[in-house]
Amino acid sequence: MSVNQQAHTGPPYGQPQPGYQGYQQPAYGGQSLPGAPQSQYGAYNGPMPGYQQPVPPQGYFPSLGFPSKGSPVSLNSDTSSLAPNFIGSLRAPPTSGAPPPVSGASHPSGHVAYSQFEHGDVQNGIPASAAPVQRPPASQPFLPGSAPTPVSQISTFQQYGPPPASVQQLRNHMAGMTIGCTAASAPPPAGLGYASVPPVSGSFSATGSGLYTPYSASQGPPLTSVSQGLPLVQPPFPGQTISTQRLPTQVPGFTPPPPSTGVGPSSYPPTTGAPRPPAMPGPPLPGQTVAGPPSSQPNHVSSPPPPSTMAGLHPGPPMSGLHGPPPPNHPPQPGYQMQQNGSFGQMRGPQPNYGGAYPGAPNYGSPPGPPPPPKRLDPDSIPSPQLNELPPQQKPRHRIDPDAIPSPIQVIEDDRNNRGSEPFVTGVRGQVPPLVTTNFLVKDQGNASPRYIRCTSYNIPCTSDMAKQSQVPLAAVIKPLATLPPEETLPYLVDHGESGPVRCNRCKAYMCPFMQFIEGGRRFQCCFCSCVTEVPPHYFQHLDHTGKRVDFYDRPELSLGSYEFLATVDYCKNNKFPSPPAFIFMIDVSYNAVKSGLVRLICEELKSLLDYLPREGNMEESAIRVGFVTYNKVLHFIFHTSLPIAEAPGKLKNRDDRKLINTDKEKTLFQPQTSFYNNLAKDCVAQGCCVDLFLFPNQYLDVATLGVVPYQTGGSIYKYAYFQLETDQYRFLNDLRKDVQKEVGFDAVMRVRTSTGIRATDFFGAFYMSNTTDVEMAGLDCDKTITVEFKHDDKLSEDSGALLQCALLYTSCAGQRRLRIHNLSLNCCTQLADLYRNCETDTLINYLAKHAYRGVLSSPVKTVRDALINQCAQILACYRKNCASPSSAGQLILPECMKLLPVYLNCVLKSDVLQPGPEVTTDDRAYIRQLVTSMDVAETNVFFYPRLLPLTKADVDSDSLPAAIRNSEERLSKGDIYLLENGLNIFVWVGVNVQQSLIQNLFGVSSFSQISNALSTLPVLENPFSKKVRSIVDTLQGQRSRYMKLIIVKQEDKLEMLFKHFLVEDKSLSGGASYVDFLCHMHKEIRQLLS
């Protein structure tokens, strides 16, 4: 099989293939405005973006259809005969009888060592992480009788050394960190240049003017101030070291980043009282290919109809009243130098991509160097303005330097440098993969690729008490049909003929690398429930002296983490193989849709779309059938261009009431107003009919209700508010083409099995469930994820670890019934330090956001926000109490792999679903809520913390992207051009002082004032800078599942308010805290828990 084969199928498993060539087996081959909430943490410190007010759609455009499907059969895990579409029970009750232990032995020549279980006749699984493993790559031809070439297993963990202990680190760590005071200043009006205002992010007001409200007595003491004798940045060891703490790890050979980072407290008194922050998204990074679930353009970013004077422009809502008070007439404080970008504030030290190394992050590049000595901090060494220079009320105030707190950009860059060059080999149990922002190659050697499954932790607590103590959720984000890069091999398709896949008799788990063959290969013991099952005669094979079957490397289901089985007729409804699926295009031909040009545009596009329908393997033509339905009023009760208010089933009323925000009734805005659409969705799932909804609203549409149908059938929603042919057609047509062309499985049922001790208890995503175990989807595309939460129901063992198996039964686009299997083995621990060392923050945030976004359906939004903050404070407090070295309470200590948890959590809290600004509509919030629920980890990463690139720093002679910078206004220079993307939109921000030659080269106009906001694409100009920027935009578009809307923002223009909404490290217009303020707030919460 060529590694560049079509993405829709693995080859029939009997043909010679890379990794398994030369093997044939007869039975085996062949197939703040008025009413706006005040910040709980601090006052708004600068103008924030507004968005446009959406309006109702002008047309609906779904693609749907597919094979029918019957209602689910009742499942009986103890019978060996299967119901027609049955994938087996979730898991079996705990049983006694674990697999017999084995000891190591040497291999004969001709065999490659695969695990430390190298003796005896029972071991056939993936080794625990204690021993490096050598396995042949999947792409290596297999010749019977010859030993595969060994592949060295890269180690993914470094051995932690003892805690650093030298005094010399003060200079290194503090080189770029200055802590001082700033005078109070009101936010600048939106129109002022940067030169006249202090930095927005991280500057604490020092007056009692009401900008910041001190904590009330009931909230506990404020953070320790420097005047009380504690250093601002105070380390975990006596002697006030600021250091990262190192913990021992089980795996020799790799020196990972230190597990905790110390950050000193601020003396700034946190504020009380109000709702918490919303934030927008965060990006994957340069060169990263992300095929995530469709995220879509947020329509709070779409624009109202353009004014007649600016045809095609997508402006924001009227900005009057959003500018904030004029700044008081305070001169800058003495001793402050002007920064390079024209803003005032203390000079910062080097920062990633600002010409120097990040002072507070460990250098864990490859190869690892010796651990840095500990950083010691003398409180007297903290530079600050002289006290006699400051007003009396400012004397105790100190400012935390934003460069001294954990930087997402630095963490991302370090991971790229450290883990982007070597392949990630999956042969070792419990390995934490590289970050989603790192480009890396995966070699499947027994565990599923992280492109298919990512976990919140790869080392899970052995007991439920330990899990409750840590509060770290145990969850997996599963993307069963994820797109792989061309260099990686697609899952092999295995055909066992009429007998079908080999399974455990009791729990119905499918044959996988962790099953243990015993009694000379005649029986196997299930790794999930420990039941012993006879090996079918056609599947029998002898064992070698290590206990492995001699055909171990010939069978994907014994040696790989992901593979497919061809399903037999028993897995099909009514014992009949399905017909090829169909796409039905339902086109709104009402007056509005025709007048807007939408109908003509769709009809022209459909002719060419038919050439792009998905096809299987080497098929010349797609097997998918196509139909068309046009409608205006007759079908308005199902699909529509406006709110369906006619007297018919599905009639809705306009309930867009902003007065409900921040009340106990706010949750009703996210709930469907009638059960009609739930019942319609249920009927669609039963018939295998998946609905994709394209909306073109010009006013309120009730997305929360209409979205139920695509949501429960596994479909997608696309929303184009105030659709205009000139500016929006390109984005709509690109979305339509991607939606039609992408790989999709129809009539799908997914079940997740686990080994004894844990079980799947909760599911998040776009699907329907008629029982507690089966996730049913009329359609599942390559961008959709299902997030699964696990809970303990028994104790786990450190020796055996924990196993997950995801089985997806689906119909391919050629009408073939298949089972796709993904397996993953995790470590188990009795020490909390091991749990915290093996967590994955990006996956954790993905889970927490989905959990919170579902919570708003049943709880007040403030309750949901408070619960999020409390859970994360408990996670960090548990680490501080149980894993960190003893240190002063004034020291904030974060686990190394969770040091970005506060900044990312603040982004989730500030998001439009949890803390909307006055310009965010009810439909926008329902739309975003639904999008995020199906996003993969890479998409939520860029959605909540957007990627900000300085285009003027791009190397026009290189293919690489410019280095990203942090999302804060004080990082922007008015002489540069920046690009910000969040998976739904691309903003190009142009500073007022940009050189005229750059403006000419990029926009084709001679001055800043001539740049048009109405551009929806960049002009094609023949010069290196234009080509480079367009190439960057194309690269980013290719990484996203939806076509991102391009928005040109000129500094000091009204659209800048919208752009600033995505600078998530700053305070937000809706009351969200800055990163620095929120870190102080989290520190206070942690101290209260510990006291």
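Just above sits the structure.
In this text the structure is predicted, and so the values were computed from the model without any measurement. (Residues numbered from 1 in each chain as written. Predicted model: local features only at pLDDT ≥ 70, side-chain atom pairs only at ≥ 80, totals over all residues. Heavy atoms only, no water.)

Caption draft 1: Examining the overall build of the protein more closely. Check the secondary structure of the protein and you find 20 helices and 31 strands. The buried share of the protein, taken over its 1091 residues, is 65%. In the form shown here, the protein has an accessible surface area of approximately 36300 Å², with 53% of it arising from carbon and sulfur atoms. (Helix = DSSP H or I, 4+ residues; strand = E, 2+ residues; numbered from the N terminus. Buried < 20%, exposed > 50% of the residue type's maximum accessible area, 1.4 Å probe, protein only. Areas by Shrake-Rupley, 256 points an atom, 1.4 Å probe, with all protein chains shown as cover.)

Caption draft 2: Seen up close, the pairing of strand S10 (residues 475–478). The side-chain alternation of S10 yields two buried faces, one formed by Ala-475 and Val-477 and the other by Ala-476 and Ile-478. Across three bridges, strand S8 (residues 453–455) lies against S10 in antiparallel orientation. Residue pairing for S10: Cys-455 is matched across the bridge by Ala-476. Looking at chain direction, S10 and strand S24 (residues 786–792) are connected through four bridges and run antiparallel. Bridging across to S24, Ala-476 finds its partner in Val-788. (Pairing = 2+ DSSP bridges.)

Caption draft 3: Fine view of the pairing of strand S21 (residues 744–754). Counting buried residues in S21 gives eleven out of eleven residues, a clear majority hidden from the surface. Pairing analysis gives six bridges linking S21 to strand S23 (residues 775–781), with the strands arranged antiparallel. Of the residues in S23, the one forming a bridge with Val-744 is Asp-781. Relative to strand S25 (residues 802–811), S21 is paired through seven bridges, and the arrangement is antiparallel. Paired with Arg-751 across the strands is Ala-807, a residue of S25.

Caption draft 4: Highlighting the sheet that holds strand S31 (residues 1045–1050). Spatially, the four strands line up as an open sheet ordered S28-S29-S30-S31, and their pairing is mixed. This sheet does not close on itself; its edge strands, each paired only once, are strand S28 (947–950) and S31. Here the strands of the sheet are splayed against their neighbours by 20° on average, with no regard to which way each runs. In terms of strand pairing, strand S30 (residues 985–990) meets S31 through six bridges, oriented parallel. In the strand pairing of S31, Phe-987 is matched with Ile-1047. (Axes fitted to C-alpha atoms, helices over the stretch in contact; angles between N-to-C directions.)

Caption draft 5: Layout of the packing of aromatic side chains. For the structure shown, the criterion picks out 25 aromatic pairs. With a centroid separation of 5.7 Å and 20° between ring planes, the pair formed by Phe-585 and Phe-628 is classed as stacked. Here Phe-585 is found in strand S16 (residues 582–588), whereas its partner Phe-628 is found in strand S17 (residues 625–631), with 43 residues between them in sequence. Taking relative accessible area as the criterion, Phe-585 reaches 1% and is therefore assigned buried. (Phe/Tyr/Trp six-rings, centres within 6.5 Å; stacked < 30°, edge-to-face > 60°.)

Caption draft 6: Molecular detail of the sheet that holds strand S22 (residues 758–764). The strand order across the open sheet formed by four strands is S8-S10-S24-S22, and the pairing between neighbours is antiparallel. Looking at which strands have only one partner, the edges of the open sheet turn out to be S8 and S22. Direction aside, neighbouring strands of the sheet carry axes that sit 25° apart on average.

Caption draft 7: Layout of the nonpolar core. Ranked by size, the top nonpolar core spans 116 residues in total, and within it Tyr-836, Met-898, Leu-914, Ile-928, Phe-944 and Phe-1003 carry the most contacts. Ranked by residue count, the leading element in this core is helix H13 (residues 861–882), at eleven residues. Excluding residues that lie within four positions of it along the chain, Met-898 makes contacts with Val-472, Tyr-836, Cys-839, Thr-841, Leu-844, Ile-875 and Leu-876. Within the second largest apolar cluster, 37 residues are counted, among which are Ala-476, Leu-484, Cys-806 and Tyr-810. (Core = buried A, V, L, I, M, F, W, Y, C linked by side-chain atoms within 4.5 Å. Contact = heavy atoms within 4.5 Å.)

Caption draft 8: A look at the side chain of Asp-588. With respect to the helices and strands, the residue Asp-588 is situated in strand S16. One polar contact links the side chain of Asp-588 to the main-chain amide nitrogen of Ser-590, over a distance of 2.7 Å. (Polar contact = N/O pair within 3.5 Å; in protein donor to acceptor, adjacent residues only side chain to side chain.)

Caption draft 9: Up close: the pattern of salt bridges. The tally for this structure, following the rule as stated, stands at 38 salt bridges. Between Arg-818 and Glu-564 there is a salt bridge, with its nearest N and O atoms 3.2 Å apart. With Arg-818 in strand S26 (residues 817–829) and Glu-564 in strand S15 (residues 562–566), the pair connects residues that are 254 residues apart, well separated along the chain. Taken as a pair, Arg-818 and Glu-564 share a single burial class, namely buried. With a closest N to O distance of 3.3 Å, Lys-1060 and Glu-969 form a salt bridge. Of this pair, Lys-1060 sits in helix H19 (residues 1056–1060) while Glu-969 sits in the loop between S28 and strand S29 (977–981), placing them 91 residues apart in sequence. Like Lys-1060, the residue Glu-969 is buried in the burial classification. Each member of the salt-bridge network shares a partner with another, and the members are Asp-739, Lys-742, Asp-781, Asp-783 and Lys-784. (Salt bridge = Lys/Arg side-chain N within 4 Å of Asp/Glu carboxyl O.)

Caption draft 10: Spatial organisation of unusual backbone geometry. Although it is not a glycine, Asn-575 sits at a positive phi angle of roughly 55°. Assessed through its relative accessible area of 43%, Asn-575 is described here as partly exposed. Look at Tyr-722: it is not a glycine, yet its phi comes out positive at around 55°. The class of Tyr-722 is buried, set by a relative accessible area of 5%.

Caption draft 11: Region of the structure containing the packing of helix H12 (residues 841–855) against H13. The contact between H12 and H13 brings their axes to 9 Å, and the two run at 150°. By the angle class used here, H12 and H13 are roughly antiparallel. When you trace H12 past H13, the crossing you get is right-handed. On H13, the residues that touch Leu-848, Ala-852 and Gly-855 of H12 are Val-864, Leu-868, Gln-871 and Cys-872. (Parallel < 35°, antiparallel > 145°, perpendicular 65-115°, else oblique. Left-handed = near helix turned anticlockwise from the far one by under 90°.)

Caption draft 12: Seen up close, the packing of H12 against helix H15 (residues 922–933). Where H12 contacts H15, the two axes come as close as 9 Å, and the packing angle between them is 140°. Classified by the angle their axes make, H12 and H15 are oblique. As for the relative orientation of H12 and H15, their crossing is left-handed in sense. In this structure, H12 contributes Ala-849, Lys-850, Tyr-853 and Arg-854 to the contact, and H15 contributes Ile-928, Arg-929, Val-932 and Thr-933. Residues that form the contact of H12 with H15 fall into these classes: four nonpolar, one polar and three charged. (Nonpolar A, V, L, I, M, F, W, Y, C, P; charged D, E, K, R; others polar.)

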